[in-house]
Amino acid sequence: MRSGDFKTSYAEDIALLQTTLIKVCIGIFVISLIGFVLIADKYSIYIINLSAIATIGSLGINLLTGFTGQISVGHAGFLAIGAYSSAILTKSGFPFLVALPLAGLISTIAGLLVGIPSLKLKGLYLAITTFAFGFIVEHLANSWISLTNGAQGMEVSPANIFGINFDTDKKFFFLVFPLTAFAIIFARNLVRSKTGRAWIAIRDRDIAAETIGIDLYRYKLSSFAVSSFYAGIAGGLIAHYIQYIGPTHFELLVSVQYLAMIIIGGLGSILGSIFGAVFMTVLPEFLKLIPDLLRGSYPIVAEKFADINLILYGLIIMLFVIIEPKGLNGIWNNVKVYWRMWPYTH
Amino acid sequence: MISEGIGNFLQLVLSGLAVGSVYAIVALGFVIIYKATDVFNFAQGELMTLGAFICYFFIVQLHIPTIWAFLLTFVTTALIGMITEELFFKPLVGEPIFSVIMVTVGLSIFLKGVVGLLWGYMIKKFPAFVSENPISFAGIVISPVHLATIIITGILIVIFALFFKFSVMGIAMRAVANDQDASLLMGISVRRIFGLSWAISAIVASIGGILLSSITILHPSSSFVGIKVFPAVVLGGLDSIPGAILGGIIIGVVENLAGGYIDPLVGGGVKEITAFVILIMIMMIRPFGLFGKEEIERV
Amino acid sequence: MKVKIKLFVIFSCFMVVIYGSLVKTISAADEPGVTKDKIIIGTLSPLTGPIAMVGIPIADAVKDYFASINDQGGIYGRKIEVISEDDKYEPPQAIASLKKLIDRDKIFACASTSGTPITSAVAPTVEREKLPSMAPIPAYGIFEPKPPKYIFAYGPFYADQVIFNIEYILFTLKTRDPKLAFFYQDDDFGQDGYRGFKAAVEKYKLNVVATEKYTRGAIDISSQVLNIKRANPDFLIITAIPSHSIMLLKEAKKLGLTIPIFSCANARLEEVIKVSGDAADIYHCAEYTALPNETNVPGMAKLIRNRDKRNPVEKVPPKYYILSYVNALILGEGIKNAGKDLTREKLRSAIESLKDFSTEGLTGSISYSQNDHCPMTAMRVVKANSKTGYYEPITDWGLTKLNLKQK
């Protein structure tokens, strides 16, 4: 039970991190993460970097779908726009520091365009519209050869800031991590602000929200805008990290993966976005380790493992959602409540 | 003999009808589940593929005569549909719709792995159940399997129209789709209806899978056709069963006509985006589709 | 207070576990993947998903070939261990799998960088890690204009295969002013074939009556085939994947289109004949490896023998098995030539120095150079025979007259 936890100033009340314990925990986490990255192998760092980028993307879609209730099944389209914009801009000579935010902005414009139908459409119909958007972007990436080099894909130069080339996994971590941290903090604050509250109101009962004076038009569009900006940045980061992009990197499957991240992580929760992004990135890798354990004793299983991997992957996703429909965030909250109420667990 | 121009047109329409029938069957299976349970089934394509492979198993690996193999396939897939519903979807009644959709996504991955594990990834030939020689009349050619597809789809339309209008089960399903609470109050076992709708949808999916594999090849990648479901159900109306079928057929025909007449003019590429152009047009003009009911939200 | 302590304890345990797993990852190795008695080779290919029918044989071929080498005592006393990873044909997944192979499994070299889009995506990693790798598919976009330093392949590009088919029509069949139609898949693979088609048309001043394309995943190509038929061509050249070659053959038979169809080597699968039946009798392919039914070829006989040791379900070695087997041969030869003191650099230059390497009849001879990591090797035109279910060569081995490489 929290006790002795009272605020004596307005600043304390609206602080992002409320208690000393949380501050200390986050501090330890950050320090150990940086320490880990300094000595770990490239594979682990790659996974961490991917998770970080995925976090930015999943924060974006969670803001749109989890907080504002606007279903988006075409999120990969925004990622693609961000990735290609950043790649093309850096190729045309723009420095990375300019290209990346510009790519985010271009993605934002796309987001606004896609957001316009959202004013009239809801639920499944909006989902289908966003899906069509994703499909159109993929098709354009494939056919607009003069711009995107078509199906062959484009090489992307590594991120370069003031002459430092972020071309190794370790260096890239130090680029991505502050960006991700900033993205998290910004989203967290946004959600606590007037805009965030308006979004949640729209999600819960948009007609009622309109009645109390929330401008649906403005807030739905802003939700699309912020969400696609995040996606654009994430896309740009992926492009400069993998140093190669092609239309197949942004197909429907990717949109579905991002949806999975926020559903498994927890809709409408910042922490859930992080959980979901990490979970969905790490799970396939974790499953890959299983055949290595089995290789000694059950070589045949290790051979056929690829299909079993898929089966396990699908099964884990299904069971996860069934056992805790509120996702990892729901489980986290349950754990927190359990600790807080212990020994009075009921 | 009809003139070449009309002959070409009819040829395109006929092929389009066949392809459209496949889309229609996929859309039908999808809409049945959606109407009864509000679930957006991402795994519809994989159910199709599973049904086709199970039938292949009965015919080729167990040497069961074709008709019996078909019936056995229907029974097996219906059972699989019901068990799936019982295990994975019943616990989710009342949970947010997103969670349910995610389970269908997980299910589609799971089924992909199962099919790959059991039958591998080499291209197989689905055993022909009709003659392989094309039939030609008045200068137009159609292959028997395409004709069978069209006919079977027509039969399905009639069966389902009758089922939903006149049979007790059908009316009960419509009631549940309309208003779950009222149905419960009227004594309809909503649970059983859910299971039934998954079973029926699985059977329809396996019919579609068998037909598609006969027209093209038997391979796990066939589940890809599931994407065409969206334009079809949007065109027809998300909660309309005749709409889904009609939507699929229209898209198949229009696609083929576009491929035949517009593609040569612009150097190709129009055929594959036709379905999505239709989708966008419908969304802008009449979002609830040809037969869908406009949802009036009550405050 | 108790709560705080509890949470602290859990947090610390978590940290300990992380550091613990670290200990395993910090290991020193002189040359990764090479010890006194073992060499570790990795393969990357789709082991699940629709492309698995290509990816699984690729991995199997490498395993079988090196198993046979191990049976003979290995290379300089070192046995070769092969680890295969699934890339699910998705680039980010592929990069993760490759990094796992490099960082966790410590592979010395890579015997397969999977299909073309995957190879492009993992190329930066391969180059950075200086990992000698073999690519199973000769892809124009990767090897031209300047090849990556560490990736090798062999074989004619799709463009060259298309040109070879056209030159067969012009110079062997000696057809005067043939009317050509072209059908291709709308992505980089099909577009490479189209590149060759356009080059041949321009060079030989040919008459093109129809050009049709389809997207990957399309379940119907009937309108395209109808358009082709209406244009009344003499020959149809295609660059399509096997499933759509099958659909094309079926549709052609139905519409009464009986002109010869010439495909690229990627669709020279026995399944195409099996599923299309007698519709396949008009089907030809440009092929640059030996055929599985050519058991009199010494290389093929050995390949079949090595494969049968594993008792596979499919008795006929699939096309991509043969392709990958040759890559394993090249890699094995490179390892041998690099000598007892084995390093990645030595392997790389050993492969690059291969000249007129013979694969005992499985392919034409292979020669690398600093600028050419994907040499065009000899091809033949083969024709499908629906009665035997196999392909039969109808020309001799040769290269194209029109050479698109600017060397």
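Parameters at a glance
- Residues numbered from 1 in each chain as written.
- Chains lettered and ligands numbered in written order.
- Predicted model: local features only at pLDDT ≥ 70, side-chain atom pairs only at ≥ 80, totals over all residues.
- Heavy atoms only, no water.
- Patch = residues over 30% accessible without salt bridge, like charges linked within 9 Å, V, L, I, M, F, W, Y side chains within 5 Å.
- Areas by Shrake-Rupley, 256 points an atom, 1.4 Å probe, with all protein chains shown as cover.
- Salt bridge = Lys/Arg side-chain N within 4 Å of Asp/Glu carboxyl O.
- Helix = DSSP H or I, 4+ residues; strand = E, 2+ residues; numbered from the N terminus.
- Buried < 20%, exposed > 50% of the residue type's maximum accessible area, 1.4 Å probe, protein only.
- Core = buried A, V, L, I, M, F, W, Y, C linked by side-chain atoms within 4.5 Å.
- Contact = heavy atoms within 4.5 Å.
- Buried area = accessible area lost by both parts, 1.4 Å probe.
- Polar contact = N/O pair within 3.5 Å; in protein donor to acceptor, adjacent residues only side chain to side chain.
- Nonpolar A, V, L, I, M, F, W, Y, C, P; charged D, E, K, R; others polar.
- Phe/Tyr/Trp six-rings, centres within 6.5 Å; stacked < 30°, edge-to-face > 60°.
- Pairing = 2+ DSSP bridges.
- Right-handed = clockwise from strand over helix to strand, strands pointing away.
- Disulfide = S-S within 2.5 Å.
- 1 Å grid on protein atoms, 1.4 Å probe; cavity = no way out; pocket = protein on both sides within 12 Å on 5 of 7 lines; lining within 4 Å.
- Points joined across faces, edges and corners; volume = space filled by probe spheres on them.

1. As for a nonpolar patch on the surface
All names here are of chain B.
Argument step 1. Together, I6, F9, L10, Y261, I262, L265 and V266 make up an exposed nonpolar region whose accessible area comes to about 650 Å².
Argument step 2. Elements with a minimum of two residues in the nonpolar patch: α1 (4–37) and α10 (241–266).
Argument step 3. Sorting elements by how many residues they give to the nonpolar patch places α10 first, with 4 residues.
Argument step 4. With respect to the helices and strands, F9 occurs in helix α1.
Argument step 5. Take F9: its relative accessible area is 37%, and that puts it in the partly exposed class.

2. As for the nonpolar core
The tendency in soluble globular proteins is for nonpolar side chains to be buried side by side.
Argument step 1. Counting 325 residues, the largest nonpolar core has L237(A), Y283(C), I330(C) and L331(C) as the members making the most contacts within it.
Argument step 2. Here this core takes 16 residues from α1(B), the largest share from any one element.
Argument step 3. Excluding residues that lie within four positions of it along the chain, I330(C) makes contacts with M134(C), Y154(C), I351(C), L354(C), F357(C), I366(C) and Y368(C).
Argument step 4. Counting residues in each nonpolar core, the second largest holds 7 residues, with L33(A), F36(A), I45(A) and F173(A) among its members.

3. Some remarks on the interface of chain A and chain C
Argument step 1. Taken together, the contact between chain A and chain C spans 43 residues of the former and 46 residues of the latter.
Argument step 2. Buried area between chain A and chain C, both sides added, is near 4,000 Å², and the carbon and sulfur share of it is 65%.
Argument step 3. At the junction of chain A and chain C, the tally comes to 3 salt bridges.
Argument step 4. Among the salt bridges present, the one from D169(A) reaches K99(C), with a minimum N-O distance of 2.8 Å.
Argument step 5. Here chain A and chain C share 7 residue pairs in polar contact (both at pLDDT 80 or more) between them.
Argument step 6. Looking at the side of chain A that touches chain C, the elements that each hand over two or more residues are α2 (20–39), α3 (42–67), α11 (252–265), α12 (270–294) and α14 (305–323) of chain A.
Argument step 7. Element by element, the count of residues in the side of chain A that touches chain C is highest for α2(A), at 8 residues.
Argument step 8. Residues that form the side of chain A that touches chain C fall into these classes: 23 nonpolar, 10 polar and 10 charged.

4. Focus: the interface of chain A and chain B
How big an interface is tends to be reported as the loss of accessible area on association of its parts.
Argument step 1. The interface is formed by 36 residues belonging to chain A together with 39 residues belonging to chain B.
Argument step 2. On the surface where chain A and chain B come into contact, there are 0 salt bridges.
Argument step 3. Of all the secondary-structure elements, those providing two or more residues to the side of chain A that touches chain B are α6 (123–143), α9 (194–211), α11 and α14 of chain A.
Argument step 4. If you tally residues by element for the side of chain A that touches chain B, the top one is α14(A), at 11 residues.
Argument step 5. Partitioning the side of chain A that touches chain B into residue classes produces 27 nonpolar, 4 polar and 5 charged.

5. Comments concerning the packing of aromatic side chains
Residue and element names in this part refer to chain A.
Argument step 1. Per the stated rule, a full pass over the model turns up 38 aromatic pairs over all chains.
Argument step 2. Consider the rings of F78 and F133, whose centres lie 4.8 Å apart with planes at 35 degrees: the pair is tilted. Of this pair, F78 sits in helix α4 (residues 75–91) while F133 sits in helix α6; the two residues are 55 residues apart in sequence, bridging distant segments of the chain. Here the two residues F78 and F133 agree in accessibility, since each one is buried.

6. Focus on the pairing of strand β2 (residues 79–86) of chain C
All names here are of chain C.
Argument step 1. Summarising burial for β2: 6 of the 8 residues are buried, a large majority.
Argument step 2. Direction of pairing for strand β1 (residues 38–45) relative to β2: parallel, over a ladder of 8 bridges. Within the sheet, the bridge partner assigned to G42 lies in β2 and is I83.
Argument step 3. Crossover connection from β1 via helix α2 (residues 52–71) to parallel β2: handedness right-handed.

7. Structural notes on the state of the cysteines
Residue and element names in this part refer to chain C.
Argument step 1. In the structure shown here, the tally under the stated rule is 0 disulfides over all chains.
Argument step 2. C285 supplies the cysteine sulfur nearest to C264, a cysteine that is in no disulfide, at a spacing of 8.3 Å.
Argument step 3. The exposure class of C264 is buried, given its relative accessible area of 0%.

8. Points about empty space enclosed by the protein
Argument step 1. Counted according to the given criterion, the structure contains 6 cavities of 30 Å³ or more.
Argument step 2. For the largest cavity, the calculated volume is near 110 Å³.
Argument step 3. As for the largest cavity, its lining consists of 13 residues, of which V73(A), A127(A), F40(B), F42(B) and I101(B) are closest to the centre.
Argument step 4. Among the elements that take part in the lining of the largest cavity, α6(A) stands out by supplying 4 residues, more than any other.

9. Re the pairing of strand β12 (residues 390–393) of chain C
Argument step 1. Across 4 bridges, strand β11 (residues 380–385) of chain C lies against β12(C) in antiparallel orientation. Residue pairing for β12(C): N385(C) is matched across the bridge by Y390(C).

10. Focus on the side chain of K254(C)
Argument step 1. Mapped onto the elements, K254(C) comes out in helix α9 (residues 242–255).
Argument step 2. In contact with K254(C), other than residues within four places in its own chain, are Q11(B), S15(B), P134(B), V141(B), I142(B), S143(B) and H146(B).

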